[in-house]
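# Secondary and tertiary structure notes
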Amino acid sequence: MTNEQRSKAGTPLVPGANLDGAATMRAAVQHRYGPPSVIEVSDVGLPLPGQGDVLVRVGAASVHPGDYFVMTGEPYMVRLVYGLRRPRHGIPGMDLAGVVVAVGKDVTALRPGDEVFGWSTAGALAEYACVPADNLVPVPANLSVVDAAAVATSAMTALQALRKIANVRPGQTVLVTGASGGVGSFAVQIAKAFGAEVTGVCSTRNIDLVRSLGADHVIDYTRTDFTRSENRYDVILDNVEAQPLAAVRRALTPTGTLIPNSGRGGRWFGPLGRIVKARVLSGFTRQLLLPFMSVGKRQDLLALAELLTAGQVRSVIDRTYPLDEAADALRYVGAGHTRGKVVITV
Ligand SMILES: NC(=O)c1ccc[n+]([C@@H]2O[C@H](COP(=O)([O-])OP(=O)(O)OC[C@H]3O[C@@H](n4cnc5c(N)ncnc54)[C@H](OP(=O)(O)O)[C@@H]3O)[C@@H](O)[C@H]2O)c1
């Protein structure tokens, strides 16, 4: 039976779920790739959880530059994953927090009523989202739903870059560009939690913010080019890639690690050209040049939940938007000047 047929027959769409009789939900939807104006908020059928899924009543969802790329379908490379002619899922967004309202029959770790956060693979900017249970963990008691929704992709990227890729150790010097952004604001705090001496690079208006995140040193990129200073760093997480690879390498120690992490680039292949260049160059130097793709991992989300619970890491919320203004939220993120995270409350 389809969603529509079940709804007409008065059959509960999600057996056992308390949805107050809802058969449809409000959601941001896009029927084609394009600028934020392709997004409209309308009523759509409730998604049905599969055996290993959970249906979440979304409290808040955050958006990041990757959501913007998926919305526009550019670089075109993203269409190989998200749908060649039009977006496969139609509901933008990934990162969310909310309350479990129903679970698939194979799910044992979560129950209706649990407060969870994590990432959806089929859209998050909606009243309800179907999420694989493995993509969710309990919300730490000290976190609001907005703070929790801000975490998944950006913080996992920062954690994986610093721990898995660069293996940051206490006492190392770590420089983070884009320190005021979604990934950078988490990266500064995580590097500090790992015992590193952290330098954040940001614009004048964000100096106080980056210092408040625990950065030992802050460089204002509007006044100082860190690649021209005498300082050398063991690890550079370059979330912006405003300078050429060769220039950034000058700021690395002879055996340091550079993670070029800007998703921006050409219309067809995005950052792929730079990634290949970095990989090739890696073969000719003792420095490690390690671009990477972050991957959603429950273990990493649990590690982040611990850091959040301990107060070693917090979400920085730039703006919140209501669901009806989802297009504005994506427009703002696409401009590239976010301070921390942008969250949509549902
Ligand atoms: N590898 C992966 O799997 C992965 C995963 C997630 C994200 N990413 C990529 O990581 C990048 C950062 O993501 P994000 O979510 O942090 O972006 P974001 O939230 O838009 O943050 C970018 C930040 O950089 C600042 N900035 C701009 N120009 C700068 C410069 N020259 N020097 C230092 N800071 C500068 C911006 O503030 P001002 O303009 O006000 O200075 C803003 O705060 C994106 O390109 C994204 O695609 C990669």
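All figures in this text were calculated on a predicted structure; none of them were measured in a lab.

The rules we used
- Residues numbered from 1 in each chain as written.
- Predicted model: local features only at pLDDT ≥ 70, side-chain atom pairs only at ≥ 80, totals over all residues.
- Heavy atoms only, no water.
- Buried < 20%, exposed > 50% of the residue type's maximum accessible area, 1.4 Å probe, protein only.
- Helix = DSSP H or I, 4+ residues; strand = E, 2+ residues; numbered from the N terminus.
- Pairing = 2+ DSSP bridges.
- Right-handed = clockwise from strand over helix to strand, strands pointing away.
- Salt bridge = Lys/Arg side-chain N within 4 Å of Asp/Glu carboxyl O.
- Domains from an automatic or database assignment.
- Buried area = accessible area lost by both parts, 1.4 Å probe.
- Polar contact = N/O pair within 3.5 Å; in protein donor to acceptor, adjacent residues only side chain to side chain.
- Nonpolar A, V, L, I, M, F, W, Y, C, P; charged D, E, K, R; others polar.
- Core = buried A, V, L, I, M, F, W, Y, C linked by side-chain atoms within 4.5 Å.
- Contact = heavy atoms within 4.5 Å.
- Phe/Tyr/Trp six-rings, centres within 6.5 Å; stacked < 30°, edge-to-face > 60°.
- Lys NZ or Arg CZ within 6 Å of the ring centre and 35° of its normal.
- Near = heavy atom within 4 Å.
- Areas by Shrake-Rupley, 256 points an atom, 1.4 Å probe, with all protein chains shown as cover.

## Regarding the pairing of strand S6 (residues 128–132)
Counting buried positions along S6 gives four out of five residues, so the element sits mostly inside the fold. Where strand S3 (residues 53–63) lies against S6, five bridges are found, and the strand directions are antiparallel. Bridge pairing in S6 links Val56 to Ala129.

## Topic: the pairing of strand S9 (residues 197–202)
With five of its six residues buried, S9 lies for the most part within the structure. Pairing of strand S8 (residues 173–177) with S9, which is carried by five bridges, proceeds in the parallel orientation. From the neighbouring strand, Leu175 faces S9, where its bridge partner is Thr199. Once the chain exits S8 it traverses helix H6 (residues 182–193) before rejoining the sheet at S9, and the crossover so formed is right-handed. Summarising the sheet, S9 and strand S10 (residues 217–220) pair through four bridges and their orientation is parallel. Bridge pairing in S10 places Val201 opposite Ile219.

## Focus on the pattern of salt bridges
This structure, assessed with the given rule, holds nine salt bridges. Between Asp328 and Arg331 there is a salt bridge; the shortest N-O distance is 2.6 Å. Here Asp328 pairs with Arg331, and both are found in helix H11 (residues 326–334), just three residues apart, close to one helical turn. Using a relative accessible area of 41% as the deciding quantity, one classes Arg331 as partly exposed. Because the salt bridges share partners, they merge into one network encompassing Arg26, Asp43 and Asp324.

## Structural notes on the domain arrangement of the protein
By a widespread convention, an interface's size corresponds to the accessible area lost as its parts come together. Each assigned domain of the protein is listed with its residue range as follows: domain 1 (3–151 + 315–345) and domain 2 (153–289). One C-alpha centre belongs to domain 1, the other to domain 2; they are set 30 Å apart. Summing both partners gives a buried area of about 1,700 Å² for domain 1 against domain 2, and 56% of it is carried by carbon and sulfur. When the buried area of domain 1 at its contact with domain 2 is split by residue, Tyr76, Met77 and Arg339 rank highest and sum to 31% of it. Inspection of the domain 1/domain 2 interface yields one salt bridge. Here Arg267 ties to Glu74 by a salt bridge, and the two come within 3.2 Å at their closest N and O atoms. Taken together, domain 1 and domain 2 are joined by 11 residue pairs in polar contact (both at pLDDT 80 or more). When residues of the side of domain 1 that touches domain 2 are traced back to their parent elements, those giving at least two are helix H2 (65–72) and H11. Taken together, the residues of the side of domain 1 that touches domain 2 sort by class into 11 nonpolar, seven polar and four charged.

## Here we look at the nonpolar core
By size, the foremost hydrophobic cluster in this structure holds 53 residues, and its most contacted members are Phe117, Leu162, Ile190, Leu301 and Leu304. Of all the elements, helix H5 (residues 152–165) adds the most residues to this core, at seven residues. The two domains that each donate at least three residues to this core are domain 1 (3–151 + 315–345) and domain 2 (153–289). With residues up to four places along the chain from it excluded, the contact list for Ile190 reads Ala155, Ala158, Leu159, Leu162, Leu304, Leu307 and Val313.

## Looking at the packing of aromatic side chains
Scanning the model with the defined rule gives zero aromatic pairs in all. Lying across the ring of Tyr128, Arg57 places its NZ or CZ 5.3 Å from the centre. One residue, Arg319, lies across the ring of Tyr332, its end atom 3.9 Å from the ring centre.

## Some words on the environment of Leu308
Summarising the element assignment, Leu308 is placed in helix H10 (residues 298–309). Given the relative accessible area of 2%, Leu308 is considered buried. C-alpha of Leu308 to C-alpha of Pro140: the two residues are 168 residues apart in sequence and 7.3 Å apart in space. Non-local contacts of Leu308, meaning those with residues more than four positions away in its chain, are made with Phe117, Pro140, Asn142, Leu143, Val151, Val313 and Arg314.

## Observations concerning the site of the ligand
Among the 25 residues in the neighbourhood of the ligand, the closest are listed as Tyr221, Asn261, Ser294, His337 and Thr338. A distance of 2.7 Å is found between an oxygen atom of the ligand and a side-chain nitrogen or oxygen belonging to Ser180. A distance of 2.5 Å separates an oxygen atom of the ligand from a polar backbone atom of Thr338. Calculation on the ligand without its partners gives an accessible area of 930 Å², and the protein chains cover 89% of this total. For the shell around the ligand, the elements supplying multiple residues, two or more each, are H2 and H6. Partitioned by chemical class, the residues of the shell around the ligand number nine nonpolar, 15 polar and one charged. Here the shell around the ligand spans two domains, since at least three of its residues come from each of domain 1 (3–151 + 315–345) and domain 2 (153–289).

## Points about H2
Taken together, the buried positions of H2 are Asp67, Phe69, Val70, Met71 and Thr72. Where H2 is buried, its residues contact strand S1 (24–30), strand S2 (39–45), S3, helix H3 (79–82) and H11.

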